[in-house]
Amino acid sequence: MPRRSAGPKLWFDKTRQTWTIVDGRKRSRTGFGPDETTRAEEALGDYIASKHTLRDGPDPILADVLSAYADEKLAGKPSEAHILYDIGHLNKWWGAKCVTEINSASCKAYVRHRKGIVSARRELAFLNAAVTHWHAEHGPLKLQPTVILPPAPEPRSKWMTRDQAARFLWVARKTPHLARFFIIGWYSGTRRAKILSLRWSMVDFRSKIMQRTPPGVVVPKNKQAPPFRMGARLMAHLKRWKRMDGKGAEFVISFNGKPIKRPVSSWKKTRIKAKLPAYITPHILRHTRATNMMQQRKDPWEAAKALGMSLEMLTKVYGHHHPDWQKDVSETR
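The shown structure was predicted, so the numbers you read here are calculated from the model rather than taken from an experiment.

Conventions adopted
- Residues numbered from 1 in each chain as written.
- Predicted model: local features only at pLDDT ≥ 70, side-chain atom pairs only at ≥ 80, totals over all residues.
- Heavy atoms only, no water.
- Helix = DSSP H or I, 4+ residues; strand = E, 2+ residues; numbered from the N terminus.
- Buried < 20%, exposed > 50% of the residue type's maximum accessible area, 1.4 Å probe, protein only.
- Polar contact = N/O pair within 3.5 Å; in protein donor to acceptor, adjacent residues only side chain to side chain.
- Contact = heavy atoms within 4.5 Å.
- Core = buried A, V, L, I, M, F, W, Y, C linked by side-chain atoms within 4.5 Å.
- Expected span 1.5 Å × (residues − 1).
- Pairing = 2+ DSSP bridges.
- 1 Å grid on protein atoms, 1.4 Å probe; cavity = no way out; pocket = protein on both sides within 12 Å on 5 of 7 lines; lining within 4 Å.
- Points joined across faces, edges and corners; volume = space filled by probe spheres on them.
- Nonpolar A, V, L, I, M, F, W, Y, C, P; charged D, E, K, R; others polar.
- Lys, Arg positive; Asp, Glu negative; His and termini not counted.
- Salt bridge = Lys/Arg side-chain N within 4 Å of Asp/Glu carboxyl O.
- Phe/Tyr/Trp six-rings, centres within 6.5 Å; stacked < 30°, edge-to-face > 60°.
- Axes fitted to C-alpha atoms, helices over the stretch in contact; angles between N-to-C directions.
- Parallel < 35°, antiparallel > 145°, perpendicular 65-115°, else oblique.
- Left-handed = near helix turned anticlockwise from the far one by under 90°.

Trainee: Break down the side chain of T270 for me, with residues and values.
Mentor: Locating T270 in the fold gives a position in helix α10 (residues 264–273). On the accessibility criterion, T270 (5% relative accessible area) is buried. For T270, the side chain forms a polar contact with the main-chain oxygen of S266, separated by 2.8 Å. Ignoring anything within four residues of it in the chain, the contact list for T270 reads F168, V171, A172 and L178.

Trainee: Tell me about the nonpolar core, residues and numbers included.
Mentor: Note on soluble globular proteins: their nonpolar side chains tend to be buried together. Formed by 34 residues in total, the largest nonpolar core has its most connected members in M160, L238 and V252. The set of elements that each furnish at least two residues to this core consists of α6 (162–172), α7 (176–188), α8 (192–196), α9 (232–245) and α11 (284–295). If we ignore the near neighbours within four places in the chain, the residues touching L238 are W200, V203, F205, M210, M230 and V252.

Trainee: Give me α7: which residues, what numbers.
Mentor: Since one α-helical turn is 3.6 residues long, residues separated by three or four positions face the same way. For α7, spanning 13 residues, the distance from its first C-alpha to its last is 18 Å, which sits close to the expected 18 Å at 1.5 Å a residue. For α7, the tally of buried residues reaches eleven of 13 residues, placing the bulk of the element in the interior. Listing the buried residues of α7 in full gives H177, L178, A179, R180, F181, F182, I183, I184, G185, W186 and S188. Downstream of α7 by one or two residues, G189 has phi in the positive range, about 70°.

Trainee: Explain the sheet that holds strand β5 (residues 209–210) residue by residue, including any values.
Mentor: Overall, antiparallel pairing links the three strands, which are arranged β4-β5-β6 in an open sheet. The two strands at the open ends of the sheet, each matched to only one other strand, are β4 (203–204) and β6 (228–229). As paired strands, β4 and β5 are joined by two bridges and run antiparallel to one another. Each bridged residue has a counterpart across the sheet, and for V203 the counterpart in β5 is M210.

Trainee: Let's hear about the layout of surface pockets: which residues, and what values?
Mentor: Empty space within the second largest pocket amounts to approximately 600 Å³. Elements that contribute at least two residues to the lining of the second largest pocket include exactly α7, β6, α9, α11 and α12 (300–307). At five residues, α12 tops the list of elements feeding residues into the lining of the second largest pocket. Residues belonging to the lining of the second largest pocket are distributed by class as follows: ten nonpolar, four polar and eight charged.

Trainee: Let's hear about empty space enclosed by the protein: which residues, and what values?
Mentor: Summed over the entire model, instances satisfying the criterion amount to one cavity of 30 Å³ or more. Each pocket or cavity is described by its volume, and for the largest cavity that value is around 30 Å³. Contributing to the lining of the largest cavity are T38, E42, A81, H82, Y85, K261 and R262. Among the elements of the structure, α1 (37–51) and α3 (80–94) are those that each provide at least two residues to the lining of the largest cavity. A total of three residues in the lining of the largest cavity trace back to one element, the largest contributor, which is α3.

Trainee: Let's hear about the side chain of R212: which residues, and what values?
Mentor: Relative to the helices and strands, R212 resides in the loop between β5 and β6. Look at R212: it is buried, it has no salt bridge, and the nearest opposite charge is E302 at 13 Å. Here S188 takes part through its backbone oxygen, which lies 3.2 Å from a polar atom of the side chain of R212. Looking at R212, its side chain comes within polar contact range of the main-chain oxygen of P226, at 2.7 Å.

Trainee: Account for the environment of Y47, with residues named and values stated.
Mentor: Among the secondary structure elements, Y47 is positioned in helix α1. By relative accessible area, which is 14% here, Y47 ends up buried. The spacing of Y47 and P8 is 39 residues in sequence and 8.3 Å in space, taken between C-alpha atoms. If we ignore the near neighbours within four places in the chain, the residues touching Y47 are P8, I21, D23, K26 and S28.

Trainee: Tell me about the packing of aromatic side chains, and name the residues and values.
Mentor: One pass over the full model with this rule turns up ten aromatic pairs. Each ring, one from F168 and one from F182, has its centre 4.9 Å from the other, and the planes form 20°; the classification is stacked. With F168 in helix α6 and F182 in helix α7, this residue pair connects regions lying 14 residues apart in the sequence. Both residues of the pair, F168 and F182, count as buried.

Trainee: A description of the packing of α7 against α11 should follow, citing residues and the corresponding values.
Mentor: Between α7 and α11, whose axes approach to 7 Å, the crossing angle comes to 30°. With respect to α11, the axis of α7 lies roughly parallel. Crossing geometry of α7 relative to α11 is assigned as right-handed. Counted together, F181, F182, G185, W186, Y187 and S188 of α7 and L285, T288, R289 and N292 of α11 form the full contact between these two elements. Of the residues in the contact of α7 with α11, the class split is five nonpolar, four polar and one charged.

Trainee: Describe in detail the sheet that holds strand β3 (residues 26–29), supporting the description with residues and values.
Mentor: Here three strands make up an open sheet; going across it, the order is β1-β2-β3 and the pairing antiparallel. In this open sheet, the two edge strands, each paired with only one partner strand, are β1 (9–13) and β3. Ignoring which end each strand starts from, the neighbouring axes of this sheet average 35° apart. Bridging between β1 and strand β2 (residues 18–23) involves five bridges; their strand directions are antiparallel. Each residue of the ladder has a partner; that of W11, found in β2, is T20.

By themselves, these observations are geometric and do not establish any function.
Dropping the structure here:
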């Protein structure tokens, strides 16, 4: 019996220094170099999508399931680009497998493959959503599998110090788009996706109000992004950047005139060069902003509104950083 193909995958051609799509005996060079892994993964996703024609059925390959979910549920949503990035990781590992191959063992194997519980948990949740969508719209499936998620990690207990921030920015000064991303995150606590989609039209210097969501865009309830009042330091940076960009610029953060999708590679290189620990990820900017607000005795209600976070979540995760936390009861005899 012929051996079953493992499906299309990426292979780095050291001779040509380019990523290549390997599909059985077929080779297709992507044209992307060693520092363009993300774009190579996107090319692989496009290749898999173009190779297969969606066929409704009870046991489809997961490349079709993920493609249908992306086209029918994500198109046009603010989070589309970022979820597609996660789907790219799913496609590399799950794409050639069938729905019936989803089980506890394969889910655990994927977590080991990804080497990160947080990313694996998020991606497996999208896999589950894609399977559920297929079952409803293209199935029914023979048996709707249960995607086993790894345990949720404990809330972050570490934040970024001012010394660490200074070291990061000193290295990032040679990467302007990353420095902008860092400064906006540090002074606003805005989620990564919202920072990267920020347009100059959303920044009002007169009212000192920054909109986090473009007009008419619907945001999920668990990802609220309300407008916030900019402080003097952030305002000064934005005004300087606006003068540098000129009138024709659309996005506050861009590279060669185009918006940035995910500053993964540049962030990691800068972190390593600054000799900072691995827990210093882009999300730590939001975590640090919330922590600093509590440490500086800011009103929890106002802090929650500025962060786009529920008061319950703020007090649960960050409340213990407030100097007055349990102050009235700590000396009870």
